[in-house]
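Per-entry structural report
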Amino acid sequence: MKILGIETSCDETAVSIVEGTNIVSEKIFSQVSLHSEYAGVVPELASREHLRKLNLLIQEALTEAGINYEDIDAVAVTAYPGLEGSLLVGLTSARTLSYLLNIPIKEVDHIEAHLFSHVFTQLPPPPGIGLVISGGHSRLFYIKKWGDYEIIGDTRDDAVGESFDKVASLLGLPYPGGPSIEKASRGVRENRFNFPVSKLGNSYDFSYSGLKTAVLYKIKYDLKEISGEKELKELASSFQKAALTPLVKNSIKAAEDYSADWIFVCGGVAANSRLRELFDEKSPENIKAYFPGVRLCTDNASMVAACGGFYLKKEA
Ligand code: KG4
Ligand code: ZN
């Protein structure tokens, strides 16, 4: 079954053709350069750019796969959550294709789609723990089976990716903040500044607004100004450590409490190599953390096609 996946929920226009666990073709147009001067995504610009790019990318994906529209068996599209105008571009295109080609359509949840990037990795069967960490969400799932989850921890205020983006902007590092902070932190000591590591009682929830404010106050009132490259890098790496620690701690605690032997970590922040190291260092022997390939952490349409494919197969 060849499934055409479409993703336009935020600032990537993405199209994939997926057959089972095989990505036949994949096209992504990132709008990063369009939004970077604003240090964040401008919704109106994002939807206009999706409109400009989506049809071209669908055509390119078909050409790369060596197939025509008639060869697509179903279409899957991100329906929510996301920027309304941007979602509408993908949804309208997917519904039109489904109608004209007379093929089924599956409208999927973007956060669940991130979990479905597992289709392209070697993951043991459920139960397990899922951690979705992106620009909009920090959410912990108990995965009873695929399609059946319990949300056991969630974002209380800012999402973790959002805190990377905001702190990068405070430090004058380019957007998106995650990769910039990771790069600035490489090989730099993490304990120069003791930023607070959030801990919300016994809950698995996440909070990042306090950490962001702590970095701001440190720069504004303590340091007054950043003395140079070295101090900037130490601020970045100390922030990164404080931001990643609760992700690792809460996930391992959840795996222990729910007797799960694996944790699947996905979403844009899962691309972070320090996070991968921390999971390796801190996980007890009976718990293993799995990650998608770096390219499949940030928004893409392969995960959307995989998620849609799962439900279409289930309903068949
Ligand atoms: O999943 P994603 O592409 O979009 C959403 O669904 O939000 O995640 C984007 C987020 C951004 O906040 C970005 O700064 C963050 O993921 N990110 C990273 C890294 N790469 C992307 N955060 C930390 N380290 C990275 N290497
Ligand atoms: Zn996402």
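Preceding block: the structure.
Starting afresh in each chain, residues are numbered from 1 along the sequence in its written order. The naming scheme follows written order: chains are lettered A onward, ligands numbered 1 onward. Owing to the predicted nature of the model, reporting of local features is limited to residues with pLDDT of at least 70; listing and counting of side-chain atom pairs is limited to 80 or more, with chain, interface and lining totals taken over all residues. Note that the side-chain values use all heavy atoms of the structure and ignore hydrogens as well as water.

1. Describing the overall build of the chain
We count it as follows: Secondary structure is summarised from DSSP: a helix means a run of H or I of at least four residues, a strand means a run of E of at least two, and numbering begins at the N terminus for each. Within these notes, the globule rule equals 2.2 Å times the number of residues to the 0.38 power, and the radius of gyration is based on C-alpha atoms. Buried residues are those whose accessible area, probed at 1.4 Å on protein chains only, stays under 20% of the maximum for their type, while exposed residues exceed 50% and partly exposed ones sit between those limits. Every residue pair with non-hydrogen atoms within 4.5 Å of one another is taken to be in contact.
In terms of helices and strands, the chain carries 10 helices and 10 strands. Against the 2.2 N^0.38 benchmark of 20 Å for 316 residues, the chain shows a C-alpha radius of gyration of 20 Å, consistent with a compact globule. Counting only C-alpha atoms and orienting by the principal axes, one finds that the chain spans roughly 65 × 45 × 30 Å. Each of the 316 residues in the chain was classed as buried or not, and the buried ones make up 53%. Counting only contacts in the chain whose residues sit at least 6 apart along the sequence, the fraction spanning at least 24 positions is 71%.

2. Here's the deal with the site of ligand 1
As a reminder, the rule being used: Nearness here has a simple test: a residue counts as near a molecule or strand if at least one of its heavy atoms is within 4 Å of that partner. Within 3.5 Å is the distance limit for a polar contact, defined as a pair of N or O atoms, with the added protein rule that one can donate a hydrogen and the other accept it, and that residues adjacent in sequence qualify only through two side-chain atoms. Only the protein chains shown count as cover for residues, and all accessible areas are computed by the Shrake-Rupley method using a 1.4 Å probe. Side-chain classes follow a simple rule in which Ala, Val, Leu, Ile, Met, Phe, Trp, Tyr, Cys and Pro form the nonpolar group, Asp, Glu, Lys and Arg form the charged group, and the remainder, Gly included, forms the polar group.
Taken together, 21 residues are adjacent to ligand 1, and Gly135, Asp165, Gly178, Glu182 and Asp299 come closest. Within the side chain of His114, an N or O atom sits 3.2 Å from an oxygen atom of ligand 1. One of the backbone nitrogen or oxygen atoms of Asp299 is found 3.0 Å away from an oxygen atom of ligand 1. Within the complex, 89% of the 560 Å² of free accessible area of ligand 1 lies under protein. Of all the secondary-structure elements, those providing two or more residues to the shell around ligand 1 are helix 4 (110–115), helix 5 (160–170) and helix 6 (177–185). With 4 residues, the single largest contributor to the shell around ligand 1 is helix 6. Split into classes, the residues belonging to the shell around ligand 1 amount to 6 nonpolar, 12 polar and 3 charged.

3. Focus: the coordination of the zinc ion (ligand 2)
Going by this rule: Metal coordination here is assigned from N, O and S atoms located within 2.8 Å of the ion, or within 3.2 Å for Na, K and Ca; omission of water means that sites may look incomplete. The rule is simple: four donors are tetrahedral if all their angles sit between 85 and 135 degrees, four are square planar and six octahedral if opposite donors span more than 155 degrees and the others lie between 65 and 115, and anything that fits none of that is irregular.
Coordination of the zinc ion (ligand 2) by the protein comes from His110 (NE2), His114 (NE2) and Asp299 (OD), over a distance range of 2.0 to 2.1 Å. Each of the 4 donor atoms bound to the zinc ion (ligand 2) contributes to angles spanning 93 to 141 degrees, and the resulting shape is irregular. Between consecutive donors of the zinc ion (ligand 2), the numbers of intervening residues give the motif H-x3-H-x184-D. On the criterion of sequence distance, the pair formed by His110 in helix 4 and Asp299 in the loop between strand 10 (288–290) and helix 10 (302–315) is long-range, its members being 189 residues apart. When sorted by exposure, His110 lands in the same class as Asp299, which is buried.

4. A closer look at the nonpolar core
Put simply, the rule reads: For this analysis, a nonpolar core means a set of buried residues of the types Ala, Val, Leu, Ile, Met, Phe, Trp, Tyr and Cys, connected via side-chain atoms within 4.5 Å.
Among the nonpolar cores identified, the biggest contains 48 residues, and Ile129, Phe195, Phe239, Leu247, Val265, Leu275 and Phe279 are the most heavily contacted of them. Listed by contribution, the elements that provide at least two residues to this core are strand 6 (128–133), strand 7 (138–145), helix 5, helix 6, helix 7 (209–223), helix 8 (229–257), strand 9 (262–266) and helix 9 (273–282). Counting residues per element, this core draws most heavily on helix 8, which supplies 12 residues. Those residues in contact with Phe239 that sit more than four places away from it in its chain are Ser163, Phe164, Val167, Ile181, Phe195, Leu211 and Val215.

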